[in-house]
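# Report on the structure
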Amino acid sequence: MKIHEAIFKKKDGNRRLMNFVRATDLPQTFVEKVTKSGVVSPPTLPAGMEIVWDLDNSAFRVFNWNTVVGDVKEKVGDPSVLDAS
């Protein structure tokens, strides 16, 4: 499973580090556990935005790729990191 680490600029101007998994990379068993419908069905989002699972806050978030500061790091992680969520 791909885990991403990115720093981005929040709406209030502060920067935040987020460790996340793109919704499309989440194991189906996990999605079924954390959603009522068993699927991630995001609303229509503007270009550059997508639904992700925030590993630090154990929740779905909208990630804005347009506000990334620097490079997004990607690593392969064991799906067991989701167990802590």
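Residues numbered from 1 in each chain as written. Predicted model: local features only at pLDDT ≥ 70, side-chain atom pairs only at ≥ 80, totals over all residues. Heavy atoms only, no water.

## Some thoughts on the overall build of the chain
Check the secondary structure of the chain and you find 1 helix and 5 strands. Ordering the α and β elements of the chain from the N terminus gives β-β-α-β-β-β. If one aligns the C-alpha atoms of the chain with their principal axes, the spans along those axes are about 35 × 30 × 20 Å. Roughly 5500 Å² of accessible area belongs to the chain as shown, and the carbon and sulfur atoms make up 51% of that amount. Averaging the positions of the 12 positive and the 11 negative side-chain charges in the chain gives two centres separated by 7 Å. (Helix = DSSP H or I, 4+ residues; strand = E, 2+ residues; numbered from the N terminus. Areas by Shrake-Rupley, 256 points an atom, 1.4 Å probe, with all protein chains shown as cover. Lys, Arg positive; Asp, Glu negative; His and termini not counted. Charge placed at Lys NZ, Arg CZ, Asp CG, Glu CD.)

## Observations regarding the sheet that holds strand β5 (residues 68-76)
Overall, antiparallel pairing links the 5 strands, which are arranged β4-β3-β2-β1-β5 in an open sheet. The open sheet is flanked by β4 (59-64) and β5, the only strands paired with a single partner. Across this sheet, the average inter-strand angle for adjacent strands is 40°, counted without regard to direction. Across 6 bridges, strand β3 (residues 49-54) lies against β4 in antiparallel orientation. Across the sheet, Met 49 pairs through a bridge with Asn 64, a residue of β4. (Pairing = 2+ DSSP bridges. Axes fitted to C-alpha atoms, helices over the stretch in contact; angles between N-to-C directions.)

## What about the environment of Leu 26?
Relative to the elements of secondary structure, Leu 26 occurs in the loop between β2 (15-22) and α1 (28-34). For Leu 26, a relative accessible area of 8% corresponds to the buried category. For the pair Leu 26 and Pro 43, spaced 17 residues apart in sequence, the C-alpha separation works out to 18 Å. Setting aside residues up to four positions removed in sequence, Leu 26 forms contacts with Val 21, Val 31, Trp 53, Phe 60 and Leu 82. (Buried < 20%, exposed > 50% of the residue type's maximum accessible area, 1.4 Å probe, protein only. Contact = heavy atoms within 4.5 Å.)

## Focus on the side chain of Glu 50
When you line up the elements, Glu 50 lands in strand β3. The exposure class of Glu 50 is buried, given its relative accessible area of 15%. A polar atom in the side chain of Glu 50 sits 2.8 Å from the side chain of Arg 22. With residues near it in sequence (within four places) discarded, Glu 50 still touches Arg 22, Leu 45, Arg 61, Val 62, Phe 63 and Trp 65. (Polar contact = N/O pair within 3.5 Å; in protein donor to acceptor, adjacent residues only side chain to side chain.)

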